[in-house]
Amino acid sequence: MSKPDKPLRFPPIVAGFPHVLHGGDYNPDQWIQWKDTIWKEDMRLAKLAGINSLSVGIFAWAALEPREGEYHFEWLDEVMNMLAENGMIAVLATPSGARPGWMSRKYPEVLRVNEYRRRNLHGGRHNHCLSSPLYREKTQAINTALAERYHNHPALGVWHISNEYSGECHCPLCQERFRDYLKEKYGSLEALNEAWWTAFWSHSYSDWAEVESPSPMGETNTHGLNLDWKRFTTEQFVDFYLHELGPLKRITPHVPCTTNLMGTYPGIDYFRLAEALDVASWDSYPQWTGTEKDIETAIQFSFKHDLTRSLKAKPFMLMESSPSATNWRPVAKLHRPNVHMLQSMQALAHGADTVQYFQFRKGRGASEKFHGAVVDHQGTENTRVFRDVAAVGRRLKGLDGIVGASTPAKTALIFDWHVRWALDDIKGLLQSKNNYEQTVIEHYRVFWKQGIPVDVIDSVRSLEGYDLVIAPMLYLLRDGAAESIGNFVKQGGTFVATYVTGYVNQTDLCYQGGFPGPLKEVLGIWCEEIDALYPGESNSIEWQGKSYRACDFCELVHSRGAEVLGVYGSDFYAGRPALTVNSYGKGKAYFIGARTPVEFLDDFYRLLGKEKNIPRALDAELPEGITAQLRTDGKTDYTFVLNFTPKTVRLDAGSRGIKDLAPYEAWISESPAPPR
Ligand code: GLA
Ligand code: ZN
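Residues numbered from 1 in each chain as written. Chains lettered and ligands numbered in written order. Predicted model: local features only at pLDDT ≥ 70, side-chain atom pairs only at ≥ 80, totals over all residues. Heavy atoms only, no water.

**Points about helix 3 (residues 74–85)**
For helix 3, which comprises 12 residues, the first-to-last C-alpha distance of 16 Å matches the rise-based estimate of 16 Å (1.5 Å per residue) to within 8%. Trp75, Leu76, Val79, Met80, Met82 and Leu83 are the residues of helix 3 that are buried. Within helix 3, the buried residues cover an arc of 160° as seen down the axis, which keeps them to one side. Check the buried side of helix 3 and you find it contacts helix 1 (35–48), strand 2 (53–56), helix 2 (61–64), strand 3 (89–93), helix 5 (133–150) and strand 4 (156–160). At the C-terminal side of helix 3, Gly87 shows a positive phi close to 70°. (Helix = DSSP H or I, 4+ residues; strand = E, 2+ residues; numbered from the N terminus. Expected span 1.5 Å × (residues − 1). Buried < 20%, exposed > 50% of the residue type's maximum accessible area, 1.4 Å probe, protein only. Arc of directions from axis to C-beta. Contact = heavy atoms within 4.5 Å.)

**Quick look at the site of ligand 1**
Around ligand 1, a shell composed of Phe59, Arg125, Asn163, Glu164, Asn260, Asp283, Tyr285, Glu320, Trp328, Phe358, Glu368 and His371 is seen. Taking Glu164, its side chain carries an N or O atom lying 2.5 Å from an oxygen atom of ligand 1. Separating an oxygen atom of ligand 1 from a side-chain N or O atom of Glu368 is a distance of 2.3 Å. Burial of ligand 1 by the protein chains amounts to 96% of its free accessible area of 310 Å². Taken together, the residues of the shell around ligand 1 sort by class into 4 nonpolar, 3 polar and 5 charged. (Near = heavy atom within 4 Å. Polar contact = N/O pair within 3.5 Å; in protein donor to acceptor, adjacent residues only side chain to side chain. Areas by Shrake-Rupley, 256 points an atom, 1.4 Å probe, with all protein chains shown as cover. Nonpolar A, V, L, I, M, F, W, Y, C, P; charged D, E, K, R; others polar.)

**Some remarks on the nonpolar core**
Nonpolar side chains tend to gather and get buried jointly when the protein is soluble and globular. Ranked by size, the top nonpolar core spans 180 residues in total, and within it Leu76, Trp159, Tyr475, Phe495, Phe604 and Tyr605 carry the most contacts. Broken down by element, the residue count for this core peaks at 8 residues, all from helix 8 (residues 223–251). For Trp159, the contacting residues outside a window of four places in its chain are Leu92, Thr94, Leu146, Ala147, Leu248, Thr252, Val255, Pro256, Cys257 and Thr258. Counting residues in each nonpolar core, the second largest holds 14 residues, with Tyr186, Trp196, Val211 and Trp229 among its members. (Core = buried A, V, L, I, M, F, W, Y, C linked by side-chain atoms within 4.5 Å.)

**A closer look at the coordination of the zinc ion (ligand 2)**
Coordination sphere of the zinc ion (ligand 2), protein contribution only: Cys129 (SG), Cys169 (SG), Cys171 (SG) and Cys174 (SG), at 2.3 Å. For the zinc ion (ligand 2), the 4 donor atoms in the first shell make angles of 104 to 116° at the metal, a pattern classed as tetrahedral. (Donors = N, O, S within 2.8 Å, 3.2 Å for Na, K, Ca; no water. Tetrahedral: all angles 85-135°; square planar, octahedral: opposite > 155°, others 65-115°.)

**Overview of unusual backbone geometry**
Of the consecutive residues Phe358 and Gln359, the connecting peptide bond is found in the cis state with omega at 20°. As for its position among the elements, Gln359 is in the loop between strand 9 (354–357) and helix 12 (384–397). In this structure, Asp552 is a non-glycine residue whose phi angle is positive, near 65°. Mapping Asp552 onto the fold places it in strand 16 (residues 546–559). Residue class for Asp552 comes out buried when judged on its relative accessible area of 7%.

**Details of the packing of aromatic side chains**
Counted under the stated rule, the structure contains 40 aromatic pairs. Relative to Phe237, the ring of Tyr165 has its centre 5.3 Å away and its plane inclined at 40°; by these criteria the two rings are tilted. Within this pair, whereas Tyr165 is found in the loop between strand 4 and helix 6 (172–186), its partner Phe237 is found in helix 8, the two being separated by 72 residues in sequence. For the pair Tyr165 and Phe237, a shared accessibility class is recorded, and that class is buried. Both rings, one in Phe178 and one in Trp229, keep their centres 5.1 Å apart while their planes meet at 85°; by these two values the pair is edge-to-face. Of this pair, Phe178 sits in helix 6 while Trp229 is found in helix 8, placing the two residues 51 residues apart along the sequence. Since its relative accessible area comes to 0%, Phe178 is described here as buried. Residue classification places Trp229 among the buried positions, given a relative accessible area of 3%. (Phe/Tyr/Trp six-rings, centres within 6.5 Å; stacked < 30°, edge-to-face > 60°.)

Without other data, these values stay purely geometric and don't point to any function.
See the structure below:
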């Protein structure tokens, strides 16, 4: 199967700028008084570091509108002109992430209300109500003014909408919108009562006005309500984003828009939010330690890069990363030599077309004064970090070819926010160890280690073009997901499911007639019970003459047509199916009944990879801590080989020869692309 519509090369994010964007958050508004010296020096240093783009205005509302209706764009005019004169792209932000004090004081409705129904005081950031008509009016006014002022400006390249949308608001206005959302979704209170199973504990609603967002002071046990509140909150952000976008799309339709995401942040379904973005972007802050632990960190962050790329199925922006220490980590460890280069190349390897930082210059005060920056308080280019950044800048100049190159993944791993929300809410099974995200990453790890490109998608994206689809713990089935998986297998795809699959429908109601609900037929099984194991306790899966440890969850499975490949080794269910495969249409559906450490997944997916002939980025056995990732434009393949260990590692790279990878080295090898 091939992906018919997926181009091998995408246009650059900024039209007419076919280079990797290199730069990051720049706060000249903190230095207005010193602009004659500092701003000038900033430009000199930026160019010296090979920086070609700076993100401005992110938290600049107070500088742009210090008093209501009194706009001060003079300083930003100067900054934008300065960027243009120096050949730099401006990633221009809308300032809604934080607002001036006068606004909160005059219009307290803009302040967020927490789940205890208490209104916040002014301060911090991400502290606004998403429904407030006043806040919406004010953001639209300033966004309009920005777009009108800079629509023709040669520096304007990308709109950076707000900053890291997060949190939720429980004010009366938001409650009202929540009820409207539910009315539209369910049509009647009867339907809502049924969908949420409200007869439980006498929780039935007799009037819409009784519906309130979940709160520790009130309702938290109606799982359907909890889920719909999260979905509603996502819709609030989508709606707010679109509201911010209105004037920008009207006045500057040619400029791509994004908002910076946070990997697997739990509060917003990013697949849904991404539908509104032109390009996905995210802020990546791995905690490198300089030890073998970095391998684990690398896997987690590779996963998040792949996830962000998959949101739009095209290259993304690494909107922020730290060129050195990250101040909010418990230990603000410095990057070891080579690590800055490595983390930047890692993002590129997984589909980023930008390497951007927080922050360009360290501020003198407040809470981020010790966060890593390109320019330190010391103020010159004579620092180790500056030289690291400049080295990235030099290398990126030779990597124009990568801009727009695609990731040819034939494997998709399902990671779905709705599943995660429902799993996080479960009372039962192994409450403290449902570990959805970690479980998905356990499966991802095997592919990372073998250098097999993977897309990370949710359960309602199209499965067309994939050979292998893996859905760990697909506990909740959203409307259409089971059908889509069924069709995928029927047409010849290979599907892998695990314990805790197909228990509840989209409103968190358990399926009647046996688990895995509507996937019973595809998987050819019925799961009658599930055993939760105490920490340290284990069973085993006996498969192909080997015994693999099973822990946490053991699903008690009956075959209903599936072939039994592996069985449990002990306890009262010894000898019963633990690993099955079912032929369905032209494809196969596997079921792994128990949680297993990586050894089993390694062997299992290696076998599947061979059977399905899934290509690897590099035809080589990769030593521990090394991954290979691939980008291609259809003519040239760019193979990234990344060493996440503090050791020199010898790699037999087949036709590419023997290669000694230095500690934390990122090696990029180009070769003609084979037909795909
Ligand atoms: C986030 C924010 C930035 C900054 C960095 C620090 O990603 O978007 O404004 O606070 O964290 O790591
Ligand atoms: Zn509100």
